[in-house]
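Chain residues, written in single-letter form:
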Amino acid sequence: MANIAAQRIKREFKEVIKSEEVAKCAIRLELIGDSFTELRGEIGGPPDTPYEGGLFVLEIKIPETYPFNPPKVRFVTKIWHPNISSVTGAICLDILKDQWAAAMTLRTVLLSLQALMASPEPDDPQDAVVAKQFKENEEMFRLTARYWTSEYAGGPNQNQDFQRKVQRLIDMGIESDRACVALSAYNWDLERATEQLFS
């Protein structure tokens, strides 16, 4: 890997480790191997959001052209959010695309993602289904996002009703992630989700 990028990442790594957000367990960064090209990020779900109490893992790949090009980042932990794909974890965030600046750091990226979790942008969605739900039924969006946080990110608030519906679909032979996605997309309407899965 280009030396500049590796030195820069080492410096940034230290910056994250020393930051006050790490002290509050809000963000973390780990190296995968020793090449500085692959990192694992962690973000704590922001307070007063449906993601509160969850821990979200990120895959971070550093290009050789870093810091002149942004890192490639995606959510490994499944999340229900208008700007993050519920299927692939791809993220729609301007600083990871055309608004990146070489002065930005991995700490900036982690904090920006945390800010995005706290204030979704449904008009610039990565996941149209989630964005539609957010705009049409925000309460249902919050319940669903909270359920995904407890299901995939170790968050609190287990929703017994949602849990039962997922179990019903699992009993019919549907894999649990697919059941969760279908129910979430149909506002937890078991009949409609079942129709969609078996049509």
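Attention here is on the structure that accompanies the text. Note that the structure is a prediction, hence the values are computed from the model and not measured. (Residues numbered from 1 in each chain as written. Predicted model: local features only at pLDDT ≥ 70, side-chain atom pairs only at ≥ 80, totals over all residues. Heavy atoms only, no water.)

1. Thoughts on the pattern of salt bridges
Within this structure, the stated rule accounts for 11 salt bridges. Linking Glu 42 and Arg 40 is a salt bridge whose minimum nitrogen-to-oxygen distance equals 2.7 Å. Its relative accessible area of 6% is what places Glu 42 among the buried residues. Between Lys 165 and Asp 161 there is a salt bridge, and its shortest N-O distance comes to 3.8 Å. Of this pair, Lys 165 and Asp 161 are both found in helix 6 (residues 160-171), 4 residues apart, which corresponds to roughly one turn of the helix. Bridged by salt links that share partners, the residues Arg 28, Glu 30, Arg 40 and Glu 42 form one connected network. (Salt bridge = Lys/Arg side-chain N within 4 Å of Asp/Glu carboxyl O. Buried < 20%, exposed > 50% of the residue type's maximum accessible area, 1.4 Å probe, protein only. Helix = DSSP H or I, 4+ residues; strand = E, 2+ residues; numbered from the N terminus.)

2. Section: the sheet that holds strand 2 (residues 38-44)
Ordered by their spatial adjacency, 4 strands build an open sheet running 1-2-3-4, and the pairing between neighbours is antiparallel. The open sheet has two edge strands with one neighbour each: strand 1 (27-31) and strand 4 (72-75). Here the strands of the sheet are splayed against their neighbours by 25° on average, with no regard to which way each runs. For strand 2 and strand 3 (residues 55-61), the ladder comprises 7 bridges, and the chain directions are antiparallel. Within strand 3, the residue paired with Gly 44 across the bridge is Leu 55. (Pairing = 2+ DSSP bridges. Axes fitted to C-alpha atoms, helices over the stretch in contact; angles between N-to-C directions.)

3. Looking at the pairing of strand 4
Side-chain alternation along strand 4 places Val 73 and Phe 75 on a buried face and Lys 72 and Arg 74 on a face that remains uncovered. Relative to strand 4, strand 3 is paired through 4 bridges, and the arrangement is antiparallel. Residue pairing for strand 4: Lys 61 is matched across the bridge by Lys 72.

4. Thoughts on the layout of surface pockets
Over the atoms a probe the size of a water molecule is rolled, and this reveals where empty space is left. Its boundaries defined by the atoms lining it, the largest pocket holds a volume of some 170 Å³. Every residue lining the largest pocket is listed: Ala 128, Val 129, Lys 132, Gln 133, Glu 136, Asn 137, Ala 185, Tyr 186, Asn 187 and Arg 192. By residue number, the principal contributor to the lining of the largest pocket is helix 4 (residues 128-136), which donates 5 residues. For the lining of the largest pocket, the residue count by class is 4 nonpolar, 3 polar and 3 charged. (1 Å grid on protein atoms, 1.4 Å probe; cavity = no way out; pocket = protein on both sides within 12 Å on 5 of 7 lines; lining within 4 Å. Points joined across faces, edges and corners; volume = space filled by probe spheres on them. Nonpolar A, V, L, I, M, F, W, Y, C, P; charged D, E, K, R; others polar.)

5. Describing the packing of aromatic side chains
For the structure on display, the rule yields 9 aromatic pairs. Judged by centre distance (5.1 Å) and plane angle (75°), the rings of Tyr 147 and Trp 188 are edge-to-face. Taken together, the residues Tyr 147 in helix 5 (residues 138-152) and Trp 188 in the loop between helix 7 (176-185) and helix 8 (190-198) connect sequence positions 41 residues apart. One exposure class covers both Tyr 147 and Trp 188, and it is buried. (Phe/Tyr/Trp six-rings, centres within 6.5 Å; stacked < 30°, edge-to-face > 60°.)

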